[in-house]
Amino acid sequence: MFDYSASQFPDIVRLELTNTCNMQCPHCRHHAPDKKLPENYPEYYKNQTHMTENQVASILDEIRDNGSKNVTLNVANEPTVAPTFKFAVERLKANGLVGTFNTNGLKLNDEFCQHLVDYDFDSVNISIDATKPETLKKARGITALDKLVRNVERLIKIRGEKMFPRVGVTFVIMPYNEDEVWDFINFWKTRADVIRFTGYITDGKPDATVLPGVEKHEIPPRIPCKQIFKDIVIRANGDVTPCVITAESPHYHSMGNIFGDGGIKAVWNGPEFKKWREAHNTGCWNGISYCKGCDYWLDSFNVKEKVSDDFIIRSPSPYTVFYNVKDKMFNWDKNSLIERQGFGDHQDSGKMSSISSYDI
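All of the points below concern the structure found in this document. (Residues numbered from 1 in each chain as written. Predicted model: local features only at pLDDT ≥ 70, side-chain atom pairs only at ≥ 80, totals over all residues. Heavy atoms only, no water.)

Looking at the sheet that holds strand β9 (residues 256-257)
Argument step 1. Taken together, 12 strands build an open sheet; the order of strands is β9-β8-β7-β1-β2-β3-β4-β5-β6-β12-β11-β10 and the sheet is mixed. Both edges of this open sheet fall to β9 and β10 (304-307), since each of them pairs with a single strand only.
Argument step 2. Note that strand β3 (residues 98-103) and strand β4 (residues 123-127) share 4 bridges and pair parallel. Looking across to β4, one finds that T103 is bridged to I126. (Pairing = 2+ DSSP bridges. Helix = DSSP H or I, 4+ residues; strand = E, 2+ residues; numbered from the N terminus.)

Set out below in structure tokens:
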């Protein structure tokens with residue numbers, strides 16, 4: 001039915017340096033206060049796990065040796081609290097790789113920002129989700145909006161005339177903050193390089209109909225999910241999960257362990273991934289419990305693009321929209337700085353029409 005295929009090595013490696021976080025955001029699917037109750041908190045998170053420098057080096061060296069480039073230094077965690085974070089930044093750039101990560105921004109002090117600038121780290125996205133302290137309290141459990149703004153501005157100031165890192169701010173759209181979208185855009189377009197909006201992903205099974213403006217009848221016919229053909233997700237203990245959604249399941253499925261099963265390439269080409277890819281290519285995704293009822297495959301379409309007076313707006317799906325500030329495109333390369341850019345030009349994917357109220 002479909003003929004998607006995976007390269008011998010993943011295009012994007014998502015690497016969880018630690019399974020911990022220094023916040024308890026109310027909408028977090030992992031570390032929210034209600035999720036951390038003893039009866040709810042998964043065993044995986046109850047025990048802190050940090051990758052060692054040797055483990056990080058072995059992963060980044062294998063990526064380099066296999067011609068891949070793109071590395072995201074987080075999964076379901078706060079990467080800046082990892083003991084090996086600075087080491088990972090240094091090794092990643094020494095290997096000629098392209099790096100990005102999402103952060104809550106609390107640790108972006110002078111020393112941290114200078115480190116990122118000194119090593120020409122490619123991309124940093126700071127999650128903010130609000131234009132008012134009271135809204136930030138609902139989103140992040142804190143009211144220190146001024147501090148987050150100062151930290152982002154600090155990183156931009158320390159970068160100065162240098163090209164990197166590309167600095168983005170992220171806004172997860174929820175019922176309590178959706179009326180702040182345009183205030184957020186207007187505030188950050190004079191500061192950040194890119195503004196990213198993401199739709200809230202419901203626990204366990206992403207449901208696109210919870211996104212603003214999405215109606216079930218507007219969702220196009222299903223196609224295979226790019227996650228199992230393009231991205232690999234490596235947890236702090238070395239386990240590989242099929243995608244970023246299954247990585248967040250309390251009892252996640254492991255496709256193998258890179259520390260015990262021969263490394264990234266061995267697991268990526270192993271029997272578990274082959275079985276899942278075959279199921280998707282034959283349209284049998286409902287035979288996989290994680291995939292049945294999941295709408296995150298909508299991120300697998302080609303990217304739509306629209307140019308406005310201020311932005312180059314790009315979106316592969318109602319889950320993700322990037323507002324790239326037009327006069328701050330000097331540090332963006334669509335061929336190497338991948339931002340969930342779908343299947344590329346695969347003829348079967350096509351472009352999905354706008355079905356969300358904040359899509360383009």
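Some remarks on empty space enclosed by the protein
Argument step 1. What the rule picks out here adds up to 2 cavities of 30 Å³ or more.
Argument step 2. The calculated volume of the second largest cavity comes to roughly 120 Å³.
Argument step 3. Surrounding the second largest cavity, 14 residues form its lining, C225, C243, H280, C291 and C294 being those nearest its centre.
Argument step 4. Residue assignment for the lining of the second largest cavity shows that the elements contributing at least two residues are α8 (227-230) and α10 (271-281). (1 Å grid on protein atoms, 1.4 Å probe; cavity = no way out; pocket = protein on both sides within 12 Å on 5 of 7 lines; lining within 4 Å. Points joined across faces, edges and corners; volume = space filled by probe spheres on them.)

Quick word on the packing of aromatic side chains
Argument step 1. For the structure on display, the rule yields 18 aromatic pairs.
Argument step 2. Here R191 stacks its cationic end above the ring of F187, 3.7 Å away from the centre of that ring. (Phe/Tyr/Trp six-rings, centres within 6.5 Å; stacked < 30°, edge-to-face > 60°. Lys NZ or Arg CZ within 6 Å of the ring centre and 35° of its normal.)

Considerations on the nonpolar core
Argument step 1. One finds L73 and F197 to be the most contacted residues of the largest nonpolar core, which totals 99 residues.
Argument step 2. For this core, the element with the highest residue contribution is helix α6 (residues 145-159), accounting for 6 residues.
Argument step 3. Excluding residues that lie within four positions of it along the chain, L73 makes contacts with L15, L17, P79, F85, A88, V89, L92, T100, F101 and F121. (Core = buried A, V, L, I, M, F, W, Y, C linked by side-chain atoms within 4.5 Å. Buried < 20%, exposed > 50% of the residue type's maximum accessible area, 1.4 Å probe, protein only. Contact = heavy atoms within 4.5 Å.)

Regarding helix α4 (residues 110-118)
Argument step 1. By the burial criterion, the buried members of α4 are F112, C113, H115, L116 and V117.
Argument step 2. Packing partners of the buried residues in α4 comprise α3 (85-94), β3, β4 and α6.
Argument step 3. A positive phi of about 50° marks D120, the residue just after α4.

Notes on the packing of α3 against α4
Argument step 1. For the pair α3 and α4, interaxial distance at closest approach is 10 Å and the crossing angle is 15°. For the element pair α3 / α4, the angle class is roughly parallel. The handedness of the crossing between α3 and α4 comes out as left-handed. On α4, the residues touching F85, K86, V89 and E90 of α3 are E111, F112, H115 and L116. (Axes fitted to C-alpha atoms, helices over the stretch in contact; angles between N-to-C directions. Parallel < 35°, antiparallel > 145°, perpendicular 65-115°, else oblique. Left-handed = near helix turned anticlockwise from the far one by under 90°.)

Quick word on the pairing of strand β6 (residues 194-199)
Argument step 1. Burial analysis of β6 places 6 of its 6 residues in the buried class, which makes it a mostly covered element.
Argument step 2. In β6, alternate side chains face the same way, and those of V194, R196 and T198 on one face and I195, F197 and G199 on the other are all buried.
Argument step 3. Pairing geometry for strand β5 (residues 166-173) and β6, over 6 bridges, is parallel. From the neighbouring strand, I173 faces β6, where its bridge partner is G199.
Argument step 4. Regarding the hand of the β-α-β motif, the stretch spanning β5, helix α7 (residues 181-188) and β6 is right-handed.
Argument step 5. Note that β6 and strand β12 (residues 320-325) share 5 bridges and pair antiparallel. Each residue of the ladder has a partner; that of V194, found in β12, is N324. (Right-handed = clockwise from strand over helix to strand, strands pointing away.)

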